Structure formats: C-alpha cells, structure tokens
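One-letter residues, chain by chain:
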Amino acid sequence: MGDGTVRTPPADEAAELRREQRGWYFYDWACSVYSTSVLTVFLGPYLTSVAESAADTDGYVHPLGIPVRAGSFFAYSVSLSVIVAVLVMPLVGAAADRTGRKKPLLAAAAYTGATATAAMFFLDGDRYLLGGALLIVANAAQSVAMMLYNSYLPQIAPPEQRDAVSSRGWAFGYAAGSLVLVANLVLYTGHDAFGLSESTAVRICLASAGLWWGAFALIPLRRLRDRGTAGREAALPGFRQLAATVRDMRRHPLTLAFLLAYLVYNDGIQTVISQASIYGSEELGLGQSTLIGAVLLVQVLAVAGALAMGRLARVYGAKRTILGSLVAWTVTLAAGYFLPAGAPVWFFALAAGIGLVLGGSQALSRSLFSHLIPPGKEAEYFSAYEMSDRGMSWLGPLLFGLTYQLTGSYRDAIISLVAFFVLGFALLSRVPVRRAIGEAGNPVPDRI
C-alpha cells in the first residue's frame, strides 16, 4: 500500500466508482445552497437587523444576560456553532469508521440541518434568539454532514483522480449556488410585484435553501455505498474522542502539520465567506440586491476557478497551487480594506477576485488531505479537518466580532483576517507532502 504504486481499479469497479462519484457530486449541489444563500448572503444582514430591533438604547442585546453588541451577534453565533460541532463530529466520525455505516449518519445530519434551515421561515420580528439557535443547529449539522461526505473521497476516487473529483464536487456546489441565487434575486428584488414584504421574501429565500438541501440529498444517499470495516473500539464521548483522534495524529506528525496549516488559512477563508455580506451592508452601505449580485458573481467564477485550479494542480501539484491561492487571498483581502463606501463596482471587483480562488483552494485542500489519512480512519480524520470548513470555524468569526466590538469598525475587522492567510502560507510551505503521504501508508501520486 505504501510502495508508491498507484493502482488502477478493474473496469467494472471503475464504472461503479464513476456512478458513486456522480452521486457524491450531488451532495455539494444539495448543501452548497445553504452555505451560499443562507450563510453568505441573507442570514447575516437579516439576523443582524432582527437583533438590532431587539437591542436596547445602547445597541446591545442580552442573550443569557450577557451584553452583546447587536452587530456582533451573528459572528458569535457562528463561533458557538463550532463548539457544538467539536462535541459531535469526533464522536460521529469514530462511529462511522468503526461501523462502516456512514450513510445513515450522513442522512441524519443532512436532514437535521435542512429542517433547521427550513424553520428559518419563522424568524421575524425580534426573534434573534430563535435565529441564533437555528443557525447553531444548522451549522453544526452541516459540519457533521460535510465531514461524512468528505470521508467518502478516498473510497470513491483513486489517488490520481482525487484533485479532479474534489474540484468537480466544488464546481457542482457553486453551480447550484448560482442557480438558486438567480431565483433569490428575482424574488427579493421583485417582492412587491409578488405581493410580499421584504422580510417575507428573505424568509422564503432562507427556507427554500433547506427544502433544496433536503430534496437533492436523496441522490447521494441512493448512490453512495457503505463499506464494511473491521471492528474498532467503542467511540469515546465528545472532547475525549477528539483528544484520542489528535493523539493518533501525533503518530503522523506531517499529517498533523498539514491540518494545522489548513485550520489556519481556511479559518480566514470561511470568515470572509460568512462575514462579507455584513461588511458590504454595514461598512460599505450596499443594498441587498448588490450583495446578492456580488455573491452570484462569486458563484459563477468559482465554478471556473475550481476547475481551472484543478488543471493547474495536474501541472504544478496541489500544494504549489494552494500556496498561490493564499497569496491571491492576501492581496484581495488587503484590497478590500480600501474599498470606498457606496461604490458597487469595486465590491464586484473584489467579488471576482474571491471567486477565482475560492473553490480551487478549498477543493485542492480537501483532496490533498485525503492522501494524508491512514487507511480506515477517513471519517475520524475528516472530523478534525471539518472543524475549520464551510464557515464553522470559530477563531476567525470571534476575532472579527471582537475587533468590531472593540473598534466599532468593520474595516479593522476585515483587515485582521490577513493574519490567517500569511500564517497559513508559512505553515503549509514547510510541509513535505510526498513524504507525508508515504508515512501515512498511501501510494504517492506522480504529481502532488
């Protein structure tokens, strides 16, 4: 297994793997609408407005008696969601590897998240606590589901195909996000013509993401196969299981080194995704229609960017391509600090820069990590990986929220995120990935 030889599966097995791969792509198609329409576009500004309507004269709400600036409530809720995920993901990941039955767990997580998202239709008036609770449940469920979904990648794609398969999955997700955002844009901008208030239109957009997620999740759940596995020890509770996973990773220090780099730079990526709409609406004074248009541009360009960076990885290797994307992220984010208020054209330019590197940096990170996992521990290791994926990371939103709370400036909050990309680049550049793959017991692709 660790002799460096990449083996080609027989023709019938290859055909079955292609069928699974096509089904696997559709989970990204199903759930990415949540990440795009809910987390990136609508929920941040809307939940902030709901919190502001419940705030006192000083602009604070008081969940559990704790004074929180209304403008920071959304960011803190995203941070809290990862604490829930930390308790659940290692436990579920270990159970999935131990039993080999990932699909029932994926179904439970997906439909918990879809249900919580659909319930956001009832978020109106000053129900900011309901919004925060639904966000925490949906984000944590999405995190668990994505961990299980990602852990299928080493099983459905040979090593030499993983960059391409992972990139296609991201492209499917961004294509779905683009399609639904067009419908959202029509509904939101024409809400008067449809006889709807602005608030009702937003709540329909939020709820429809949950319905989409639940409907299209049926396709991967029909096509993906559970694989048997040798019995393992019983999973441990919450943080104890996470600690056990990390101890196991210490036997593979290069895998752990890559994961640390990923956790750092992806924390920055996810915080930009989840807080960009807040920055655009609150700091730059842009309307919701402009924000939707900018995110739609990101989605369209991210499809092309993910596929293009997948091709670049075949020439230059995944690691070098990811490093190049981190440089682009740093430049783009620094430019965002200087954007003039009330100038949509510059915000669209920023969105274009983000779109071109967004999908590829995430897709290649996922496929590269899949090479570094010891066989039979895919879900357990991806539980640690997923803690910083899809907007569930806690340190970036916490830093963003604290910076705003202390300075009152979203510009200061957004520029603080540059540190994640600079440090992530430094850490990733030091990881010898070919040696890491061999030490994990996996075949080393010709180009990595």
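See the structure printed just above.
Parameters at a glance
- Residues numbered from 1 in each chain as written.
- Predicted model: local features only at pLDDT ≥ 70, side-chain atom pairs only at ≥ 80, totals over all residues.
- Heavy atoms only, no water.
- Helix = DSSP H or I, 4+ residues; strand = E, 2+ residues; numbered from the N terminus.
- Rg over C-alpha atoms; globule rule 2.2 N^0.38 Å.
- Buried < 20%, exposed > 50% of the residue type's maximum accessible area, 1.4 Å probe, protein only.
- Contact = heavy atoms within 4.5 Å.
- Areas by Shrake-Rupley, 256 points an atom, 1.4 Å probe, with all protein chains shown as cover.
- Lys, Arg positive; Asp, Glu negative; His and termini not counted.
- Charge placed at Lys NZ, Arg CZ, Asp CG, Glu CD.
- Axes fitted to C-alpha atoms, helices over the stretch in contact; angles between N-to-C directions.
- Parallel < 35°, antiparallel > 145°, perpendicular 65-115°, else oblique.
- Left-handed = near helix turned anticlockwise from the far one by under 90°.
- Nonpolar A, V, L, I, M, F, W, Y, C, P; charged D, E, K, R; others polar.
- Expected span 1.5 Å × (residues − 1).
- Phe/Tyr/Trp six-rings, centres within 6.5 Å; stacked < 30°, edge-to-face > 60°.
- Lys NZ or Arg CZ within 6 Å of the ring centre and 35° of its normal.
- Core = buried A, V, L, I, M, F, W, Y, C linked by side-chain atoms within 4.5 Å.
- Polar contact = N/O pair within 3.5 Å; in protein donor to acceptor, adjacent residues only side chain to side chain.
- Patch = residues over 30% accessible without salt bridge, like charges linked within 9 Å, V, L, I, M, F, W, Y side chains within 5 Å.
- Salt bridge = Lys/Arg side-chain N within 4 Å of Asp/Glu carboxyl O.
- Disulfide = S-S within 2.5 Å.

### A word on the overall build of the protein
- Per the secondary structure count, the protein includes 18 helices and 2 strands.
- A compact globule built from 448 residues would reach a C-alpha radius of gyration of about 22 Å, and the protein, at 21 Å, matches this within 12%.
- Judged by the C-alpha coordinates and their principal axes, the protein covers about 65 × 40 × 40 Å.
- Looking at the protein as a whole, 59% of its 448 residues are labelled buried.
- Contacts in the protein between residues far apart in sequence, at least 24 positions, make up 85% of those at least 6 positions apart.
- Of the roughly 16700 Å² of accessible surface on the protein, 65% is carried by carbon and sulfur atoms.
- Charge separation in the protein, taken as the distance between the mean sites of 34 positive and 29 negative side-chain charges, equals 9 Å.

### Brief notes about unusual backbone geometry
- Its identity is not glycine, yet L64 carries a phi of approximately 55 degrees, on the positive side.
- Mapped onto the elements, L64 comes out in the loop between β1 (60-61) and β2 (68-69).

### Quick word on the packing of helix α6 (residues 162-189) against helix α7 (residues 198-216)
- The contact between α6 and α7 brings their axes to 10 Å, and the two run at 155 degrees. Taken together, the axes of α6 and α7 are roughly antiparallel relative to one another. Here α6 runs over α7; the crossing is right-handed. Contacts between α6 and α7 involve A176, L179, V180, N184, L187 and Y188 from the first element and E198, A201, V202, I204, C205, S208 and W212 from the second.
- Class assignment for the residues of the contact of α6 with α7 results in 10 nonpolar, 2 polar and 1 charged.

### Points about helix α12 (residues 318-337)
- Across its 20 residues, α12 extends 29 Å between first and last C-alpha, which sits within 8% of the 28 Å expected from 1.5 Å per residue.
- All of the buried residues along α12 are A318, K319, T321, I322, L323, S325, L326, W329, T330, T332, L333 and G336.

### Side note on the packing of aromatic side chains
- This structure, assessed with the given rule, holds 23 aromatic pairs.
- Judged by centre distance (5.6 Å) and plane angle (85 degrees), the rings of Y262 and Y265 are edge-to-face. Placement of the pair is Y262 and Y265 together in helix α10 (residues 253-283), with a separation of 3 residues, close to one helical turn.
- Connected via pairs of aromatic rings, a cluster forms that spans W24, Y25, F26, Y27, W29, Y149, F172, W212 and F216.
- In this structure, R203 is placed above the aromatic ring of F121, and the distance from its NZ or CZ to the ring centre is 4.7 Å.

### Concerning the nonpolar core
- Of all hydrophobic cores here, the largest spans 133 residues; its most connected members are W24, Y27, L43 and F258.
- Top element by residues in this core is helix α1 (residues 11-54). It accounts for 18 residues.
- Apart from residues no more than four positions distant in its own chain, F258 is found in contact with Y265, S365, L368, F369, L372, L428 and V431.

### Section: the environment of Q362
- Topologically, Q362 is positioned in helix α13 (residues 344-370).
- For Q362, a relative accessible area of 2% corresponds to the buried category.
- Within the structure, Q362 has its side chain in polar contact with the side chain of Y174 (distance 2.9 Å).

### Considerations on the packing of α10 against helix α17 (residues 418-429)
- For the pair α10 and α17, interaxial distance at closest approach is 8 Å and the crossing angle is 155 degrees. Relative to α17, the element α10 lies roughly antiparallel. Here α10 runs over α17; the crossing is left-handed. Contacts from F258, L260, A261, V264, Y265, D267, G268, I269 and V272 of α10 reach α17 at F420, F421, L423, G424, L427 and L428.
- Grouping the amino acids of the contact of α10 with α17 by side-chain chemistry returns 12 nonpolar, 2 polar and 1 charged.

### Considerations on a nonpolar patch on the surface
- A surface patch of nonpolar side chains, amounting to about 360 Å² of accessible area, comprises L80, I83, V84, L87 and V88.
- Structurally, V88 can be placed in helix α2 (residues 73-99).
- You can call V88 partly exposed: its relative accessible area is 34%.

### Comments concerning the pattern of salt bridges
- In total, this model carries 6 salt bridges according to the counting rule given.
- The residue E16 makes a salt bridge to R225 at a minimum N-O spacing of 3.6 Å. Here E16, found in helix α1, pairs with R225, found in the loop between α8 (218-223) and α9 (238-249); they are 209 residues apart in sequence, far enough to count as distant.
- For E16, a relative accessible area of 28% gives the class partly exposed.
- The partner of R127 in a salt bridge is D124, with the nearest N and O atoms 3.5 Å apart.

### Quick word on a positive patch on the surface
- A cluster of basic residues, R18, R19, R22 and R222, forms a positive patch at the surface.
- Looking at the positive patch, the element that brings in the most residues is α1, giving 3 residues.
- In this fold, R19 is placed in helix α1.

### A word on the state of the cysteines
- Under the definition given, this model contains 0 disulfides.
- Left unpaired, C31 is separated from the closest cysteine sulfur, that of C205, by 18 Å.
- Residue C31 is classed as buried on the basis of its relative accessible area of 0%.

### Thoughts on the side chain of Q21
- With respect to the helices, strands and loops of the structure, Q21 is situated in helix α1.
- Of the polar contacts made by the side chain of Q21, one reaches the backbone oxygen of I156; its length is 2.7 Å.
- Apart from residues no more than four positions distant in its own chain, Q21 is found in contact with I156, A157, Q161 and V165.

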